[in-house]
Each structure stands twice: as C-alpha cells, then as structure tokens.
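Structure at a glance
What follows is the residue order along each chain.
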Amino acid sequence: MDWLFGMVSTLLWYLRPLVKWFLRKTTRLCELQRICYGEPAGAQRTIAVHESLSNSRNKLVSEILAKLDATKTKSDADTKQFIEQSVTTIMKVKTIKPDLHRQFVSSLSNCLKQMVGYRQLMHHVETLRSVPYDEGNLDHEMQLLELWKLLQPDRDLDKRVTKQWQDIGFQGEDPKTDFRGMGILGLHNLIYFAREYSSAAKHILSHSHHPKFGFSFAIVGINLTHMAYKLLMDFSLRSHLYNQNKLPDIAAFHHFYSYLFIEFDKFWLECEPRDIMEFNRIRDIFESNLRSQLADHRTCFKVNIEIDTV
C-alpha cells in the first residue's frame, strides 16, 4: 500500500499546477485568494494558507516560509516589516491589485501574524523549559513558595526541605528535583493554574488525596506540562491556538495547560484506575483523544470548571 500511496502523491504533485491554473482561470482568483475568501478565519484559514505557501513552486513565495522561523526572535518592528514584505511579495507574484482586494491583504496579514505568533510562542516556551530550577535563584525560590501558598493558604512550611511538599504532590522533600525534565516551565504552569483557577486547583488537589484514585498533584502537573509542550512543538496545537480571538502567546499556553489539568482529572476519575501504576496508560489514552480532536481544524477548547466530587 505504501507504493500505491507514493504513486498517488507523486501524481497529485504533478497535477497540482494544472488544477491551480484551471481554478484560477475559472474563478479569476489564485489559491491563496480562494482560501482567504472561502475559509473561515482561524485555524482553517491559517493552516490552509501555510500549506499553500509550503506547496508553492515559486521561489519567492517558498522563501517566505523559510524566513518565518527566523521571526521567533525578532522585535515587533522587524516582525511587522516581515509581514508587510511577505504580503507585498505575494501580491506581486500573484499579480493581485491591492486596491481591489483589500480584504485579501487583511486576511493574509492576519494569517501570517498567527504563524509568527505561534513560532514566537514556541521559542518562549522552549526558553522556559531549558532553564533548570535553581535553589540559589531567589526568584525561583519565591515562585515555589508562591505555589505552596496558593495551594495551602492556611499552612506554613516548617522549613525549605520538608516532607510537607509531598502534600501537594512532589515526590520527595525537595521539589527542585521534580522540575528537571520541564525546567522552570513546569513551575510556571502550576502557578498559573493554582492562581487563575484557584478553586478548581484546590478541588483537584483534594482528589489527589483520594484513598483509591489518588495521584501526585504536582508530578501529574509536570507530566501535563510535557504533554502541552509536545503538542505545541509538533504543531498539533495550531488548531486550538489559531481559533482563539488573539495571537498565540504564553498566556494562551498556560490557559491550555489549565484546560488539560481539569480535563485529565475528570478523565482519570472516569477511568477508575486500580492504582497509580495505570497512570502512563491512562495518560496516553488521554493524549491520543486530544490529538484526534486537534486534527479537526475547527477545534477550540474551552475550560469547564465544573469539578466532580469523589
């Protein structure tokens, strides 16, 4: 079957210019115009624009995507210039008159802004992940203390290294070792969730102490950071992020993480695991379900803060 799929793909690759030529002659619109005018704003339009650019055989157009990754570290002014130059290049190559297609210019610009925003978010997230937790860094220590206060507002820590950390789901007496995989990103996710969804976080923390269905709250949280990180880095998260009413940014990533935590807690309880040894199996099923939803470019997750009691 692989050879058949390869043959069909090759055939379509050769036929694509003919199909595009035919559609342009009949509609008097290029492929990018048909996408921007025909697809709804958000992931459906932006992902289709990206695919069209990546399939272009015009060197000037294909170079736009090549330059896109470089925008992840550029200033706002440089990013704006890149988008304007990219739109100008496409208009020139496709012989589109801007005065007659102002809506196309606006739609294409918005798509490029989302693509740039996504890559800048990837860079921001990767930067946080690469920063290890450092007990000698006062900011890190204060953030860790903030997490404790958000989850245990009525209890003080006896000391910095204590078994009390296990009450909020860390493995040992010193939480720093649990952040090794996801760095400071894992801590930032946990703080955001505990601060912005305080009631839900405390309720889920209570679930984690259940005698039968309990789990390590913080450790599960760091695992979910890894899941969110993977979905972002392999571009699966485009569907959700592009369907927001704003450009992708770190707040949107934290918000998605909060969605993951709330939904995973529900899923965990629904699965009624025999013990914590089932965590990997249930996590993998949960991730698979997420990926199936994200494959639909209409997907946009909404946080549902209704938390079941157990």
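What comes next is a walk through the structure.

Cut-offs used in this document
- Residues numbered from 1 in each chain as written.
- Predicted model: local features only at pLDDT ≥ 70, side-chain atom pairs only at ≥ 80, totals over all residues.
- Heavy atoms only, no water.
- Helix = DSSP H or I, 4+ residues; strand = E, 2+ residues; numbered from the N terminus.
- Axes fitted to C-alpha atoms, helices over the stretch in contact; angles between N-to-C directions.
- Parallel < 35°, antiparallel > 145°, perpendicular 65-115°, else oblique.
- Contact = heavy atoms within 4.5 Å.
- Nonpolar A, V, L, I, M, F, W, Y, C, P; charged D, E, K, R; others polar.
- Buried < 20%, exposed > 50% of the residue type's maximum accessible area, 1.4 Å probe, protein only.
- Polar contact = N/O pair within 3.5 Å; in protein donor to acceptor, adjacent residues only side chain to side chain.
- 1 Å grid on protein atoms, 1.4 Å probe; cavity = no way out; pocket = protein on both sides within 12 Å on 5 of 7 lines; lining within 4 Å.
- Points joined across faces, edges and corners; volume = space filled by probe spheres on them.

Per the secondary structure count, the chain includes 13 helices and 0 strands. Tracing the chain from N to C terminus, the helices and strands come up as α-α-α-α-α-α-α-α-α-α-α-α-α.

Okay, the packing of helix 6 (residues 102-129) against helix 8 (residues 183-196) next. Each pair of packed helices gets described by two things: the angle between the helix axes and the distance between those axes. At a minimum axis distance of 4 Å, the contact between helix 6 and helix 8 shows a crossing angle of 105°. By the angle between their directions, the pair helix 6 and helix 8 is classed as roughly perpendicular. In this structure, helix 6 uses Val125, Leu128 and Arg129 to contact helix 8, whose residues at the interface are Gly183, Ile184, Leu185 and His188. When grouped by side-chain class, the residues that make up the contact of helix 6 with helix 8 number 4 nonpolar, 2 polar and 1 charged.

For Thr299, the location among the structural elements is in the segment after helix 13 (279-294). Accessibility expressed as a relative area gives 11% for Thr299, which makes it buried. Polar contacts involving the side chain of Thr299 include one to the main-chain carbonyl oxygen of Gln293, which spans 2.4 Å. In this structure, Thr299 is in contact with Ser239, His240, Asn243, Gln293 and Leu294, ignoring residues within four places of it in sequence.

The next point concerns the layout of surface pockets. Approximately 220 Å³ is the volume attributed to the largest pocket. Ala41, Gly42, Asn110, Gln114 and Tyr242 are the residues nearest the centre of the largest pocket, which is lined by 16 residues in total. Broken down by secondary-structure element, the contributors of at least two residues to the lining of the largest pocket are helix 3 (43-55) and helix 6. Tallying contributions element by element places helix 6 first for the lining of the largest pocket, with 6 residues.

By themselves, these are just geometric observations and shouldn't be taken as functional.
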